[in-house]
Amino acid sequence: MDDRHRDKNEDEELFVREMEQVKRIRHRLAERSSERPISAQKGNTRQEISPDLHDMERFVRPGIQQFALRRLRRSHIADTAMLDLHGCNTAEARKALAEFILQSQLEGKKTIRVIHGKGHGSAGSQPVLKAKVRQWLKEFPAVLAYCSARPENGGAGAVDVLLK
C-alpha cells in the first residue's frame, strides 16, 4: 500500500475517533435540505437556469463578474434602450437586433432590453424569436451578459442585456 493511501486511511480513522464524542445539535434553521442546490448539480453552467429564480434564463460571458448579472437582473440599470420585435419574422428580427446593438453602443448605452414576446401569436403558440434572440445575443461580442426581464418588465417575453 502506498503512503498516500495509508495516510488517507489514517486520516479517516482519526476523524471517526474524534467525532465519536460529538453530539449533533438539532435546530429548525440548521436542517439540511435533501435536495442539492441547482448550482451543485452535475452539468450546471453559467448559461443555465439560475438556482434562485424559476424560469429565468441567463448568460454571462467568461470573465464577467456575477455582480453585474445580479444588478442587471434586479433592474438596477439606468438609461435602458428598448427594442420591440413583436410582428417581426426571423430575418427582420435578426437585422433589427444587430442594428439596435450597434446603435446602442454608439450612443454609449450599457444596458438594453429586447422584447421578443412569448410566442402566443406564433404558429402553434410556440415561441420562435425567444430562442433565436438568446442565441444571437451570444454571438455578438458586444454582449457581456443577459437575463430574462423581471415580470413587470416583460418576464419571459423580454431579455435585459449588458453591453461592453
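My aim in this report is to walk through the structure given alongside it, one point at a time. Since we're looking at a predicted model, the values are computed, not measured.

A word on the overall build of the protein
Counting its regular elements, the protein contains 4 helices and 5 strands. Each helix and strand of the protein, ordered N terminal to C terminal, gives the series α-β-α-β-α-β-α-β-β. With 164 residues in all, the protein has 30% of them scored as buried. Sequence separation of at least 24 residues holds for 61% of the intrachain contacts in the protein that already meet a minimum separation of 6. In the structure as shown, the protein presents an accessible area of about 11500 Å², 51% of it carried by carbon and sulfur atoms.

Brief notes about helix H4 (residues 129–139)
For H4, every residue scored as buried is listed here: Leu 129, Lys 130, Val 133, Arg 134, Trp 136 and Leu 137. Across the axial projection of H4, the buried residues extend over an arc of 165 degrees, all falling on one side. Its buried side turned inward, H4 meets helix H3 (90–106), strand S3 (111–115), strand S4 (143–148) and strand S5 (158–163).

Notes on the pattern of salt bridges
When charged atoms on two side chains of opposite charge get close, those side chains can pair. Taken as a whole, this structure holds 4 salt bridges when the rule is applied. When the shortest N-O distance is used, the salt bridge between Glu 99 and Lys 95 registers 3.8 Å. Residue Glu 99 and its partner Lys 95 are both found in helix H3; the two are separated by 4 residues, about one turn of the helix. Across the pair Glu 152 and Arg 150 runs a salt bridge whose closest N-O atoms are separated by 2.9 Å.

Some words on a negative patch on the surface
Taken together, the side chains of Glu 10, Asp 11, Glu 12 and Glu 13 present a region of like negative charge at the surface. Relative to the assigned elements, Glu 13 resides in helix H1 (residues 3–19). Judged by relative accessible area, Glu 13 falls into the partly exposed class, the value being 47%.

Description of the pairing of S4
Counting buried positions along S4 gives 6 out of 6 residues, so the element sits mostly inside the fold. Pairing analysis gives 3 bridges linking strand S1 (residues 58–60) to S4, with the strands arranged antiparallel. Within S4, the position partnered with Arg 58 by the bridge is Cys 147. Sheet analysis places S4 next to S5, joined by 5 bridges and oriented antiparallel. Note on S5: the bridge partner recorded for Ser 148 is Val 159.

Regarding the packing of aromatic side chains
Taken as a whole, this structure holds 1 aromatic pair when the rule is applied. Look at Phe 59 and Tyr 146: their rings are 5.6 Å apart centre to centre, the planes differ by 25 degrees, and that puts the pair in the stacked class. A residue pair is termed long-range when its members are at least 10 positions apart, and Phe 59 in strand S1 and Tyr 146 in strand S4 qualify at 87 residues. Each member of the pair, Phe 59 together with Tyr 146, is buried.

Parameters at a glance
- Residues numbered from 1 in each chain as written.
- Predicted model: local features only at pLDDT ≥ 70, side-chain atom pairs only at ≥ 80, totals over all residues.
- Heavy atoms only, no water.
- Helix = DSSP H or I, 4+ residues; strand = E, 2+ residues; numbered from the N terminus.
- Buried < 20%, exposed > 50% of the residue type's maximum accessible area, 1.4 Å probe, protein only.
- Contact = heavy atoms within 4.5 Å.
- Areas by Shrake-Rupley, 256 points an atom, 1.4 Å probe, with all protein chains shown as cover.
- Arc of directions from axis to C-beta.
- Salt bridge = Lys/Arg side-chain N within 4 Å of Asp/Glu carboxyl O.
- Patch = residues over 30% accessible without salt bridge, like charges linked within 9 Å, V, L, I, M, F, W, Y side chains within 5 Å.
- Lys, Arg positive; Asp, Glu negative; His and termini not counted.
- Charge placed at Lys NZ, Arg CZ, Asp CG, Glu CD.
- Pairing = 2+ DSSP bridges.
- Phe/Tyr/Trp six-rings, centres within 6.5 Å; stacked < 30°, edge-to-face > 60°.

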